[in-house]
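# Chains, contacts and geometry: an overview
So the chains spell out like this:
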Amino acid sequence: MTGAELAAAKVAVGEPADAAAQVVVIPFAPVKPGQSVRLRISETYTAPASYRLEGDELVFDRSLGRPRNAVVLPEGWYLTASSIPAKVTQMADGRIRLDFWNGRPDSVDVLIKAKRRR
């Protein structure tokens, strides 16, 4: 949702969000006094501004801000290059998945290239 939608929904986040900002909201039950809760959060989204075709090559160029990130290539494409190390696997449906682990506190820039299978 946007920061404006967040404000309209009256979601308490501790500080105001810029109206145009894109925010992710994950609701969870209040933590009881003296207890802790483990939150396991996953997101799935597309990033059309981050990928393009250059000739016959698919190029994905994006900054990934989570400690663990996965990128799944579209059906019918195979990996030709990744600018940073990744665990590369083939999913049951034949698509290629790249799993990135970022142990740093900042984001990591990744450049992935792929070609269409013949």
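The following refers to the structure shown. Just so you know, these numbers come straight off a predicted model, no measurement behind them.

Conventions we followed
Residues numbered from 1 in each chain as written. Predicted model: local features only at pLDDT ≥ 70, side-chain atom pairs only at ≥ 80, totals over all residues. Heavy atoms only, no water. 1 Å grid on protein atoms, 1.4 Å probe; cavity = no way out; pocket = protein on both sides within 12 Å on 5 of 7 lines; lining within 4 Å. Points joined across faces, edges and corners; volume = space filled by probe spheres on them. Nonpolar A, V, L, I, M, F, W, Y, C, P; charged D, E, K, R; others polar. Pairing = 2+ DSSP bridges. Helix = DSSP H or I, 4+ residues; strand = E, 2+ residues; numbered from the N terminus. Axes fitted to C-alpha atoms, helices over the stretch in contact; angles between N-to-C directions.

### Topic: the layout of surface pockets
By volume, the largest pocket is sized at about 1,100 Å³. Forming the walls of the largest pocket are 30 residues, and the residues nearest its centre are E43, T44, N69, A70 and V71. Estimates place the volume of the second largest pocket at around 150 Å³. As for the second largest pocket, its lining consists of M1, Q22, V23, V24, E43, Y45 and R66. Counted by class, the lining of the second largest pocket contains four nonpolar, one polar and two charged residues.

### Brief notes about the sheet that holds strand β3 (residues 68-72)
Within the open sheet, the three strands sit side by side as β3-β6-β5. Their pairing is antiparallel. The open sheet has two free edges, formed respectively by β3 and β5 (87-90), since each of these has just one partner strand. With direction set aside, neighbouring strand axes in the sheet form an average angle of 20°. Two strands pair when backbone bridges link them, and β3 and strand β6 (residues 96-101) are joined in this way by five bridges, in the antiparallel orientation. By the bridge assignment for β6, N69 is matched with F100.

### Structural notes on the pairing of β5
Note: β5 against β6, four bridges, orientation antiparallel. Across the sheet, the residue bridging to Q90 is I96, located in β6. Hairpin connection from β5 to β6: five residues lie between these consecutive antiparallel strands, with G94 at a positive phi of about 95°.

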